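Below are the chains, spelled out letter by letter.
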Amino acid sequence: MNQNSNIEFISRESLEKLQLSRLKETLRRVYSFSPFYKNLFKKEGLTPSKIKSLKDLPLIPFTTRKDLRENFPYGLLSIPLNDVVRLHTSTGTTGKPKAVFFSRNDINSSAELIARSMKMTGAEKGDVFQNMMGYGLFTGGLISHYGAERLGLLVIPAGAGNTERQIELMFDFKTTVVHITPSYALYLADVMEEKGFNPKKDFNLRILYLGAEPYSEKTREKIERIFTVDAYNSYGLSEMNGPGVAFECKYKEGMHLWEDNFIMEIVDPSTGEPLKEGEEGELVLTSINKEAMPIIRYRTGDLTYIYPEKCNCSRVHRRISRIKGRADDMLIIRGVNVFPSEVERILMDLPEVGRNYQIVLDRKKDLDKMKVRVEIKRDFFDGSLDHLKKVEIKIKAKLKDELMVTPEIELLEPSSLPRTTGKAKRIIDKREI
Ligand code: ADP
Ligand code: ZN
């Protein structure tokens, strides 16, 4: 067994020992280099030596996105600037992008996590990997790229977008593995069909990595059916590594979070109190294998839970559930809490529903209103008006039944909603205007 696979199957005890020693080293580094952490520790009357076990970690306050912004650009840097070899920024889904830094060792360890994740799903030398994550400042492109090369795949650095070219590359070079956002995967299938290709038969695809945005199990199933592939959930964020923080194994039941690189906690998003395994809350991550910019107890905003059971694959790294969304994605429609990911789950379970949808929020007479615009499959869309009305009623009833909201429904023909090649923009919020 080589070193990579070893770390995946060591005992819990050895893993925690490694976590503690890496945590201590990380704390010493941030305390001595980073002005932000030096200050934070001083304010709390803490020194790294006070953290004697993993249980002591909560003595340190959380680090938030606000802290990153307020200490932009170098406040969290924990090595001399001339040892930094790479800058990335987050995509800025929620406000001004955050800058993150990598040392040479960080680049290697990030790539190692991707290589390990891909290997876990069965990708291997001989596979042709077309990376449809955006290159450039976004971590998705370059980090996945380095990881796949490390594993020995043939990498096509296609980036996001230019869909016709993507299809041509997939066809010509017999692409077998793709990393892509789920919304772009659906769009890609649309374009393939428009161009007269059969996504099931005309390509050599076998593995898809779907990540960078929340999506439902139903969407995964849909994508697997469209392309006849195995699609694995891939989770990450720029602040921690880029992609490769947590990944599904062949069992596709939750994502193994690489606990030799990150310590995870789940907390109540409103109080910050710790929650138990199995309880849903906000994921808090501490990077313990980073040099340039380790972050301690980072509030990711992402809602998930830890699976209490061990995975059938017997890896020691615990699994997190599919991300429900960010705590601040939650919509409150007339007092009812709704997550866009739940709307998606319900829509994608209906056979009449096509591949894209959008939620429009508006305010009338001080009341929030929600409209769901949803693409319907061609067969249904071209049916009688009477039939369309029935589809509309069915969608409305389903949403009311499961979410207790009654949105207005607008049925649209296939491919009529705007597409993005990266993260989808599902919510149009007209309430502030
Ligand atoms: P930004 O915070 O600007 O979007 P990133 O590009 O680093 O920056 O995106 C990271 C975020 O993307 C995560 O915090 C999470 O909300 C979302 N994300 C990434 N992968 C997944 C996934 N597999 N499922 C759901 N959400 C994901
Ligand atoms: Zn597993």
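Being a predicted model, the structure only gives us computed values, none of them experimental. (Residues numbered from 1 in each chain as written. Chains lettered and ligands numbered in written order. Predicted model: local features only at pLDDT ≥ 70, side-chain atom pairs only at ≥ 80, totals over all residues. Heavy atoms only, no water.)

> Any details on the overall build of the protein chain? Residues and values, ideally.
Counting secondary structure elements, the protein chain contains 12 helices and 20 strands. In terms of C-alpha radius of gyration, the protein chain reaches 22 Å, essentially the compact-globule figure of 22 Å for 433 residues. Based on the C-alpha atoms only, the size of the protein chain along its principal axes is roughly 70 × 55 × 40 Å. When each of the 433 residues of the protein chain is scored for burial, the buried share is 54%. By sequence separation, contacts in the protein chain at least 24 residues apart represent 67% of the contacts at least 6 residues apart. Of the roughly 19,400 Å² of accessible surface on the protein chain, a fraction of 50% belongs to carbon and sulfur atoms. Of the charged side chains in the protein chain, 69 are positive and 62 negative; the average position of the first set lies 2 Å away from that of the second. (Helix = DSSP H or I, 4+ residues; strand = E, 2+ residues; numbered from the N terminus. Rg over C-alpha atoms; globule rule 2.2 N^0.38 Å. Buried < 20%, exposed > 50% of the residue type's maximum accessible area, 1.4 Å probe, protein only. Contact = heavy atoms within 4.5 Å. Areas by Shrake-Rupley, 256 points an atom, 1.4 Å probe, with all protein chains shown as cover. Lys, Arg positive; Asp, Glu negative; His and termini not counted. Charge placed at Lys NZ, Arg CZ, Asp CG, Glu CD.)

> Now, about the nonpolar core: what can you tell me, with residues and values included?
Counting 64 residues, the largest nonpolar core has Tyr37, Met118, Tyr209, Tyr235, Leu257, Leu285 and Ile320 as its most contacted members. Top element by residues in this core is helix H5 (residues 104–120). It accounts for 6 residues. Those residues in contact with Ile320 that lie beyond four places of it in its chain are Tyr235, Ala246, Gly254, Met255, Leu257, Met264, Leu283, Thr304, Tyr305 and Tyr307. Core analysis: the next-biggest nonpolar cluster, separate from the first, contains 25 residues, Val338, Leu347, Val374 and Leu403 among them. (Core = buried A, V, L, I, M, F, W, Y, C linked by side-chain atoms within 4.5 Å.)

> Which residues make up a positive patch on the surface, and what values go with them?
On the surface, a cluster of positive charge is made up of Lys24, Arg28, Lys50 and Lys52. With respect to the helices and strands, the residue Lys52 is situated in the loop between helix H3 (35–44) and helix H4 (65–70). Lys52 sits in the exposed class, given a relative accessible area of 59%. (Patch = residues over 30% accessible without salt bridge, like charges linked within 9 Å, V, L, I, M, F, W, Y side chains within 5 Å. Salt bridge = Lys/Arg side-chain N within 4 Å of Asp/Glu carboxyl O.)

> Describe the packing of helix H8 (residues 182–194) against helix H9 (residues 217–227), naming the residues involved and giving the relevant values.
Angle between the axes and distance between the axes: these two values describe a pair of packed helices. At a minimum axis separation of 10 Å, H8 and H9 run at an interaxial angle of 30°. Here H9 runs roughly parallel to H8, going by the angle between their axes. Here H8 and H9 pass one another in a crossing that is left-handed. In this structure, H8 uses Pro182, Ala185, Leu186, Leu188, Ala189 and Met192 to contact H9, whose residues at the interface are Thr219, Ile223, Ile226 and Phe227. Of the residues that constitute the contact of H8 with H9, the class distribution is 9 nonpolar, 1 polar and no charged. (Axes fitted to C-alpha atoms, helices over the stretch in contact; angles between N-to-C directions. Parallel < 35°, antiparallel > 145°, perpendicular 65-115°, else oblique. Left-handed = near helix turned anticlockwise from the far one by under 90°. Nonpolar A, V, L, I, M, F, W, Y, C, P; charged D, E, K, R; others polar.)

> Please give an account of the domain arrangement of the protein chain that cites residues and values.
Domain parsing of the protein chain yields domain 1 (1–328) and domain 2 (330–432). Listed by partner, the interface residues are 27 residues for domain 1 and 19 residues for domain 2. Sorting the residues of domain 1 by area buried against domain 2 places Lys218, Lys222 and Lys324 first, and these three jointly supply 27% of that buried surface. Run the count over domain 1 and domain 2 and you get 4 salt bridges. Across the salt bridge formed by Arg419 and Asp190, the nearest N and O atoms sit 3.0 Å from each other. One can count 13 residue pairs in polar contact (both at pLDDT 80 or more) joining domain 1 with domain 2. Taken together, the elements giving at least two residues each to the side of domain 1 that touches domain 2 come down to H8 and H9. When residues of the side of domain 1 that touches domain 2 are assigned to their parent elements, the largest contribution, 8 residues, is made by H8. (Domains from an automatic or database assignment. Buried area = accessible area lost by both parts, 1.4 Å probe. Polar contact = N/O pair within 3.5 Å; in protein donor to acceptor, adjacent residues only side chain to side chain.)

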